[in-house]
Amino acid sequence: MKIKDINIFDKIIEKDLESGFPKNKLLFRFPPEPNGYLHIGHAKSIYLNFKLAEKYKASVILRFDDTNPIEEEKKFIYYIKKDIFWLGFKWNKVTYASNYFYKLYDLAKVIIEKGKAYVDDQKQYKIQEQRKNPFEDGIESPYRNRSIKENIFLFKKMKNGYFDDGDCVLRAKIDMKSPNMNLRDPIMYRIIKKKLHYRTKNKWCIYPTYDWTHGQSDYIENISHSLCSFEFENHKQLYNWYIYNINKKNSLTPRQYEFSRLNLNYNVLSKRKLQILVKQNIVNGWDDPRMPTISGLRRRGYTPESIKYFIKKIGISKRYNHIDISILEFSIRKHLNKISSRVMVVINPLLIIIENYPTSKVEWLNAENNPEDIKKTYRKIPFSRFLYIESEDFLEKNKKNFLRLSLGKEVRLKNAYILKANNISRNIDGSIKSVYCTYDKNSLSKTGLSSKRKIKSTLHWVSKIHALKIKINIFDKIFIEKIPEKYKKFIDFLNHDSLKTKMAYAETSLRTATIKEKFQFQRIGYFCLDKKSNKKTIIFNKTVSLK
Ligand code: ATP
Ligand code: MG
């Protein structure tokens with residue numbers, strides 16, 4: 001498939017190359033903050049950066065944007081790397097914005113020395129108030145015109161720990177009347193003493209803000225094309241203002257380009273928001289199969305191929321859009337149809353007694369693993385006098401258009417014989433206890449695969465005495481609202497019934513299933529083994545339905 005989705009950036013890069021940008025200077029980066037696990041939105045950004053790098057034989061830096069000690073943790077570094085690797089991408093170098101704290105400090109002094117930054121002693125809420133709104137001019141801080149000397153002196157004191165959290169900040173001196181709110185004297189540094197940084201510990205008590213760090217790290221690393229999602233479009237002017245004011249090299253400077261953020265219906269795609277679901281125990285951790293995180297999708301049974309196919313399919317446009325979850329489901333179904341082993345599992349069992357089949361006889365029949373696989377492989381499944389079928393596959397009195405089993409009618413049992421229902425026995429409450437049937441012993445072909453007699457309906461089944469009891473998790477959307485992010489209190493729109501657990505009877509082959517394998521429970525859906533499964537309790541997660 002042609003990678004049509006990176007076209008918008010292809011064009012930009014091609015143009016840059018045509019106008020003399022050296023090809024060997026192309027360099028990309030993926031800059032997550034280590035404050036949570038990656039989600040499917042990140043997969044889009046990763047795909048974009050790594051695919052462009054691949055195309056132009058350039059490198060990608062995995063840069064941890066770790067400038068806020070409050071939420072950042074070392075463990076997230078591990079999981080972020082693991083997920084990128086699992087998706088099939090290899091970064092050329094790992095860097096940390098926190099490694100640049102000294103450089104950033106020196107660059108901030110360059111701005112102060114140009115008379116373009118000042119220490120503001122006002123409280124943050126006051127600063128916020130004075131910013132006003134895009135339709136009203138902001139108010140200048142009374143500290144805005146401090147001398148360069150005083151600012152350098154105070155900034156040093158900030159760094160050396162003379163002040164406490166919230167006492168003062170360093171602000172860029174740009175324009176309090178700008179219609180772009182990001183230019184109304186943005187904060188460059190704040191004091192955070194209440195929590196130690198996971199890497200630099202107590203070495204620093206002033207921390208650079210995202211805007212101050214991001215572009216300058218791009219500059220330090222010589223990133224050529226800094227691609228980010230659209231929420232940063234309004235930050236671009238500031239990005240360029242900072243770069244312009246620090247650029248001593250007088251050479252190629254990084255440039256920011258935006259693409260549309262991935263939004264998925266019935267989901268929130270932001271680490272900060274997903275973290276709320278984790279912290280409030282609404283889900284069981286970052287890798288809960290209901291989460292739109294890469295780890296959650298993996299545990300649910302998604303493959304790297306299906307995620308990449310999904311990203312290709314939706315494309316990388318500049319338009320704001322919400323992608324329907326059905327496109328993601330389509331992508332995984334397409335892949336699972338190719339690679340999953342077909343097995344038989346019965347969820348709501350109804351006992352079948354085959355009266356003309358000897359009580360102690362067991363036949364091991366051939367069952368095809370995957371009809372899509374050109375290397376035809378088979379496994380053995382046990383057939384006996386007592387079987388389970390799904391209770392909804394039987395109706396005592398046949399109805400029009402009901403093609404499954406009913407009294408006096410025949411069906412084919414998948415990979416096995418033709419079965420005819422003759423009679424039923426009931427429980428005390430009148431419900432059906434079991435169905436008495438007969439089988440046609442001449443209806444099995446040599447391989448057990450193709451039928452001699454054609455019967456319209458084929459049912460899945462398991463042999464009762466051989467059946468393996470398994471637990472299955474069935475998931476629904478986490479939110480009942482299509483676009484929960486529309487609401488500040490998105491948490492009010494939770495689906496409180498998003499996880500259902502059932503017991504089921506599986507064919508014995510599933511006893512040796514591994515986490516890497518994918519299964520189609522025939523006529524039910526695609527499933528995979530859960531990481532918490534063990535010999536005593538075998539647990540499967542439903543990835544997606546068949547249609
Ligand atoms: P937070 O909520 O903490 O800001 P985040 O989910 O926005 O987290 P970041 O660490 O800020 O994640 O983002 C890292 C990179 O991934 C950025 O370049 C950002 O543009 C990109 N990114 C984040 N979310 C999406 C998304 N939904 N679609 C596409 N790219 C995204
Ligand atoms: Mg973000």
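Residues numbered from 1 in each chain as written. Chains lettered and ligands numbered in written order. Predicted model: local features only at pLDDT ≥ 70, side-chain atom pairs only at ≥ 80, totals over all residues. Heavy atoms only, no water.

**A look at the site of ligand 1**
Around ligand 1, 18 residues are found, and the nearest of them are His39, Ser229, Leu262, Ser270 and Lys271. Here an oxygen atom of ligand 1 sits 2.6 Å away from a polar atom, N or O, in the side chain of Ser229. In the model, an oxygen atom of ligand 1 is placed 2.6 Å from a nitrogen or oxygen of the Ser270 side chain. Calculation on ligand 1 without its partners gives an accessible area of 600 Å², and the protein chains cover 93% of this total. Mapped by element, the contributors of at least two residues to the shell around ligand 1 are α2 (40–56), β8 (225–229) and α9 (271–279). A per-element tally of the shell around ligand 1 places α2 first, with 3 residues. Tallied by class, the residues present in the shell around ligand 1 amount to 7 nonpolar, 7 polar and 4 charged. (Near = heavy atom within 4 Å. Polar contact = N/O pair within 3.5 Å; in protein donor to acceptor, adjacent residues only side chain to side chain. Areas by Shrake-Rupley, 256 points an atom, 1.4 Å probe, with all protein chains shown as cover. Helix = DSSP H or I, 4+ residues; strand = E, 2+ residues; numbered from the N terminus. Nonpolar A, V, L, I, M, F, W, Y, C, P; charged D, E, K, R; others polar.)

**Things to note about the sheet that holds strand β7 (residues 206–208)**
The 4 strands are arranged β4-β5-β6-β7 in an open sheet whose pairing can be described as antiparallel. Only two strands of the sheet have a single neighbouring strand rather than two, namely β4 (117–120) and β7. Pairwise comparison of adjacent strand axes, ignoring direction, gives a mean angle of 20° for this sheet. Relative to strand β5 (residues 169–172), β4 is paired through 4 bridges, and the arrangement is antiparallel. Paired with Tyr118 across the bridge in β5 is Arg171. On top of the sheet, helix α4 (residues 101–113) reaches β4, β5, β6 (187–191) and β7; it is set at about 125° to β6, its chief contact. Contacts from helix α6 (residues 148–159) reach β4, β5, β6 and β7, with the element oriented near 60° to β4. (Pairing = 2+ DSSP bridges. Axes fitted to C-alpha atoms, helices over the stretch in contact; angles between N-to-C directions. Contact = heavy atoms within 4.5 Å.)

**Side note on the domain arrangement of the protein chain**
By domain assignment, the protein chain separates into domain 1 (117–206) and domain 2 (342–466). In this structure, domain 1 and domain 2 have C-alpha centres spaced 74 Å apart. (Domains from an automatic or database assignment.)

**Some words on the side chain of Asp218**
Structurally, Asp218 is set in helix α7 (residues 210–221). Judged by relative accessible area, which is 0%, Asp218 ranks as buried. At 2.6 Å, the side chain of Asp218 and the side chain of Ser226 are in polar contact. Discounting chain neighbours no more than four positions away, the residues touching Asp218 are Arg29, Arg63, Ile223, Ser226, Tyr239 and Pro254. (Buried < 20%, exposed > 50% of the residue type's maximum accessible area, 1.4 Å probe, protein only.)

**Topic: the sheet that holds strand β25 (residues 468–475)**
Read across the sheet, 7 strands follow the order β12-β27-β28-β29-β25-β26-β13 without closing on themselves; strand pairing throughout is mixed. Unpaired on one side and paired on the other, β12 (341–343) and β13 (345–346) mark the two borders of the sheet. Two elements, strand β27 (residues 519–521) and strand β28 (residues 525–529), share 3 bridges in a ladder whose sense is antiparallel. Each residue of the ladder has a partner; that of Phe519, found in β28, is Phe527. Against the sheet, helix α12 (residues 325–339) engages β12, β28 and β29 (539–545), with an angle of about 115° to β29.

**Observations regarding a nonpolar patch on the surface**
Nonpolar side chains collect at one region of the surface, where Val362, Trp364 and Ile465 lie side by side and expose about 310 Å² of accessible area between them. Positionally, Val362 belongs in the loop between β14 (349–354) and β15 (363–368). With relative accessibility at 32%, the residue Val362 sits in the partly exposed group. (Patch = residues over 30% accessible without salt bridge, like charges linked within 9 Å, V, L, I, M, F, W, Y side chains within 5 Å. Salt bridge = Lys/Arg side-chain N within 4 Å of Asp/Glu carboxyl O.)

**Quick notes on unusual backbone geometry**
One non-glycine residue with positive phi stands out, namely Lys57, at about 50°. Within the fold, Lys57 resides in the loop between α2 and β2 (59–64). We classify Lys57 as exposed; its relative accessible area is 76%. With a phi close to 55°, Asn281 is a non-glycine residue in the positive phi region. Tracing the backbone through its elements, the reader meets Asn281 in the loop between α9 and α10 (294–300). Overall, the relative accessible area of 63% leaves Asn281 in the exposed class.

**Description of the pattern of salt bridges**
Scanning the model with the defined rule gives 35 salt bridges in all. Between Arg29 and Asp218 there is a salt bridge, with its nearest N and O atoms 3.5 Å apart. Here Arg29, found in strand β1 (residues 27–30), pairs with Asp218, found in helix α7; they are 189 residues apart in sequence, far enough to count as distant. A relative accessible area of 0% places Arg29 in the buried class. Residue Asp497 pairs with Lys500 through a salt bridge whose shortest N-O separation is 3.7 Å. The class for Asp497 is partly exposed, based on a relative accessible area of 43%. Taken together, the salt bridges that share partners define one network made up of Arg29, Arg63, Asp218 and Glu221.

**Considerations on the environment of Lys271**
Examined against the element boundaries, Lys271 turns out to sit in helix α9. Since its relative accessible area comes to 10%, Lys271 is described here as buried. Spatially, the C-alpha atoms of Lys271 and Val169 are 26 Å apart, while their sequence positions differ by 102 residues. Look past the residues within four positions of Lys271 in its chain and what remains in contact with it is Glu33, Asn35, Gly36, Tyr37, His39, His42 and Trp286. Of note is the side chain of Lys271, whose polar atom sits 2.6 Å from the side chain of Asn35.

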